[in-house]
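# A look at the structure
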Amino acid sequence: MIPGGVNSPVRSFRSVGGTPYFVARAQGPHVWDVEGRRYIDYVQSYGPGILGHAHPAVTEAVGAAAADGTSYGAPTEREVLLAEVLCDRVPGMAWTRLTSSGTEAAMAAVRLARGATGRNKIIKFAGCYHGHSDGLLAAGGSGVANQGLADSAGVTPGAVADTVVAPYNQIPAVDDEVAAVVVEPVAANMGVVAPVPGFLEGLRAACDRVGALLMFDEVITGFRLSPGGATEWFGVVPDLWCFGKVVGGGLPIGVFGGRDELKGRLAPLGGVYQAGTLSGNPLATAAGLATLEQLTPDAYRTLARTAARLADGMAAAATEAGAVCTVPRVGPLLGVFFCAEAPADFDQAKAAAENGVYPRVFHSLLESGVAFAPGPYEALFPSLAHTDEHIDTTVEAFAAALERNPAAD
Ligand SMILES: *Cc1c(COP(=O)(O)O)cnc(C)c1O
């Protein structure tokens, strides 16, 4: 009835083998499957669960909002409040528009870039994922890579004719036919790959030289790395942003936004069309506002400390076991690769991801009650609900998994 049994391919166990656990409920750091088994969850819906599951502030806000109606098709106060919070936190961002997914946000931001510059070409980086719209799927990382696909069938050559794919962490040639350079400021869909020093600054300069727009896809980094996301973390300000995941508190949301001078380009003010029946949904804005309210500067310090404890613990366990393993971390964001050096691009990430170690470690962890994502191209998402005790239990399970599964040389 459901192709592959899943409503998003990354959830299938295709790249690790076996059958997915069906989730019955979740609370804080835990999910329970329908058989009553409990897992310490590092999937956290692939990013939205920064507070952990079912945080009372979020569930209460959603419940109260639902009682007032679930969608109106007219402007609401919470949309304005959310736009204010987002623009306050992200340096340089002057306006936002809400969508129902990150895919839509990235797709709309690209259209805006093309409309504003009158140019067609976009440059993206191999291994960066920007949702599943036709023009952005090329060399997409994440679920696309997980399924062993380079790209998707059904995307016409015409749809990607204006998409140039470049290697991550190298400054591409940007000429005056380029509307936008689109980048994950920390790549988190080919495992976690940090930008090398100068990469983001170099993209900013290359765009400025020819009047191309720089677009940060902060669907994962946004409101996770810091209050102002990667923009604040790295101090490089793009022209366009897209967000999702954390900003919806677990409800369907996407956001794109931009510098002030781009605001007038979007309908109804300008000629670039974009729309959505459920955009700015009352439940999603309630969940988003409730989530952001919890995300104080202190919360980011706590989250980074938790991520560091996990990363350091896993790295120490690997050394102890004599396993070849690296745990790249940028503040609160971390991943794991079973190779010696942290990959810097998609080719290196693929070589590490496909060496056969991840599926064995994944299943050992799952048997011990620890759920990592069922594929080697995903980040780990510890939440504010993960205590030191949960982290230490996870590190012990990881050490045991390495003992049982001697890693590749
Ligand atoms: C998840 C993700 C998207 C797509 O968001 P959806 O809500 O799944 O459509 C886009 N960009 C990045 C960086 C993502 O991680």
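Residues numbered from 1 in each chain as written. Predicted model: local features only at pLDDT ≥ 70, side-chain atom pairs only at ≥ 80, totals over all residues. Heavy atoms only, no water.

This next bit is on the packing of aromatic side chains. This structure, assessed with the given rule, holds twelve aromatic pairs. Geometrically, the ring pair formed by Phe13 and Tyr21 is edge-to-face, given 6.2 Å between the ring centres and 75° between the ring planes. Pair check on accessibility: Phe13 and Tyr21 agree, each one buried. Three or more aromatic residues joined by ring pairs form one cluster here, namely Phe13, Tyr21, Tyr39, Tyr358 and Phe362. The side chain of Arg25 reaches across the aromatic face of Trp32, ending 4.0 Å from its centre. Its guanidinium or amino end placed over the ring of Phe346, Lys350 lies 4.5 Å from that ring's centre, counting from NZ or CZ. (Phe/Tyr/Trp six-rings, centres within 6.5 Å; stacked < 30°, edge-to-face > 60°. Buried < 20%, exposed > 50% of the residue type's maximum accessible area, 1.4 Å probe, protein only. Lys NZ or Arg CZ within 6 Å of the ring centre and 35° of its normal.)

With that settled, the discussion passes to the environment of Gly375. Looking at the secondary structure, you find Gly375 in the loop between β13 (370-371) and α12 (388-404). Sequence separation between Gly375 and Val16 is 359 residues, and the spatial gap between their C-alpha atoms is 6.3 Å. (Helix = DSSP H or I, 4+ residues; strand = E, 2+ residues; numbered from the N terminus.)

Our focus in this paragraph is the site of the ligand. Taken together, Ser101, Gly102, Thr103, Tyr129, His130, Gly131, Glu184, Asn189, Asp217, Val219, Ile220 and Lys245 make up the full set of residues near the ligand. The backbone of Gly102 places a nitrogen or oxygen atom 2.8 Å from an oxygen atom of the ligand. Here a nitrogen atom of the ligand and a side-chain polar atom of Asp217 are 2.7 Å apart. When the free accessible area of the ligand is taken as 380 Å², the share hidden by the protein chains comes to 85%. In the shell around the ligand, the residues fall into three nonpolar, six polar and three charged. (Near = heavy atom within 4 Å. Polar contact = N/O pair within 3.5 Å; in protein donor to acceptor, adjacent residues only side chain to side chain. Areas by Shrake-Rupley, 256 points an atom, 1.4 Å probe, with all protein chains shown as cover. Nonpolar A, V, L, I, M, F, W, Y, C, P; charged D, E, K, R; others polar.)

A few words on the environment of Asn120. Take Asn120: it is sitting in the loop between α3 (102-117) and β5 (121-125). For the pair Asn120 and Pro20, spaced 100 residues apart in the sequence, the C-alpha separation amounts to 41 Å.

This part is about helix α9 (residues 297-321). In a regular helix each residue adds 1.5 Å, so 25 residues correspond to 36 Å; α9 covers 36 Å between its end C-alpha atoms and thus fits that length. Inspection of α9 places Ala299, Tyr300, Leu303, Thr306, Ala307, Ala308, Leu310, Ala311, Gly313, Met314, Ala317 and Ala318 among the buried residues, and these make up the whole buried set. Taken together, the buried residues of α9 touch α8 (282-294), β11 (329-330), β12 (333-334) and α12. Just downstream of α9 lies Gly322, where phi reads positive at about 70°. (Expected span 1.5 Å × (residues − 1). Contact = heavy atoms within 4.5 Å.)

Moving on, we get to the sheet that holds strand β8 (residues 213-217). Within a beta sheet, neighbouring strands are joined by backbone hydrogen bonds and run either parallel or antiparallel to one another. The strand order across the open sheet formed by seven strands is β4-β10-β9-β8-β7-β5-β6, and the pairing between neighbours is mixed. Two strands bound the open sheet, and with one partner strand each, they are β4 (95-99) and β6 (163-166). Ignoring which end each strand starts from, the neighbouring axes of this sheet average 20° apart. Its contacts with the sheet place helix α2 (residues 77-89) against β4 and β10 (254-258), and it is angled at close to 125° to β4. (Pairing = 2+ DSSP bridges. Axes fitted to C-alpha atoms, helices over the stretch in contact; angles between N-to-C directions.)

Another aspect to go through is the sheet that holds strand β2 (residues 30-33). The four strands are arranged β1-β2-β3-β13 in an open sheet whose pairing can be described as mixed. Each having just a single partner strand, β1 (23-27) and β13 make up the two edges of the open sheet. Sheet topology places β1 next to β2; four bridges connect them, and they run antiparallel. Looking at β2, one finds that Ala26 is bridged to Val31. Lying over the sheet, α12 contacts β2, β3 (38-41) and β13, oriented at roughly 100° with respect to β3.

Taken as a whole, the second largest pocket spans an internal volume of roughly 650 Å³. Lining the second largest pocket are 27 residues, with Glu79, Thr96, Arg97, Leu98 and Ser279 positioned closest to its centre. Among the elements of the structure, α2 and β4 are those that each provide at least two residues to the lining of the second largest pocket. Ranked by the residues each element gives to the lining of the second largest pocket, the list is headed by β4, at four residues. Here the lining of the second largest pocket is composed, by residue class, of 14 nonpolar, ten polar and three charged. (1 Å grid on protein atoms, 1.4 Å probe; cavity = no way out; pocket = protein on both sides within 12 Å on 5 of 7 lines; lining within 4 Å. Points joined across faces, edges and corners; volume = space filled by probe spheres on them.)

A cis amide bond, omega 10°, links Ala267 with the succeeding residue Pro268. With respect to the element layout, Pro268 can be found in the loop between β10 and α8. Here Phe223, not a glycine, exhibits a phi torsion of approximately 60°, which is positive. Residue position: Phe223 is located in the loop between β8 and α7 (229-234). Judged by its relative accessible area of 1%, Phe223 is buried. One non-glycine residue, Lys245, lies in the positive phi region at around 50°. Within the secondary structure, Lys245 is located in the loop between β9 (240-244) and β10.

For the rest of this paragraph, the subject is the side chain of Thr306. Tracing the chain through its elements places Thr306 in helix α9. Leave out the neighbours within four places in its chain, and Thr306 touches Pro382, Ser383, His386 and Ile391.

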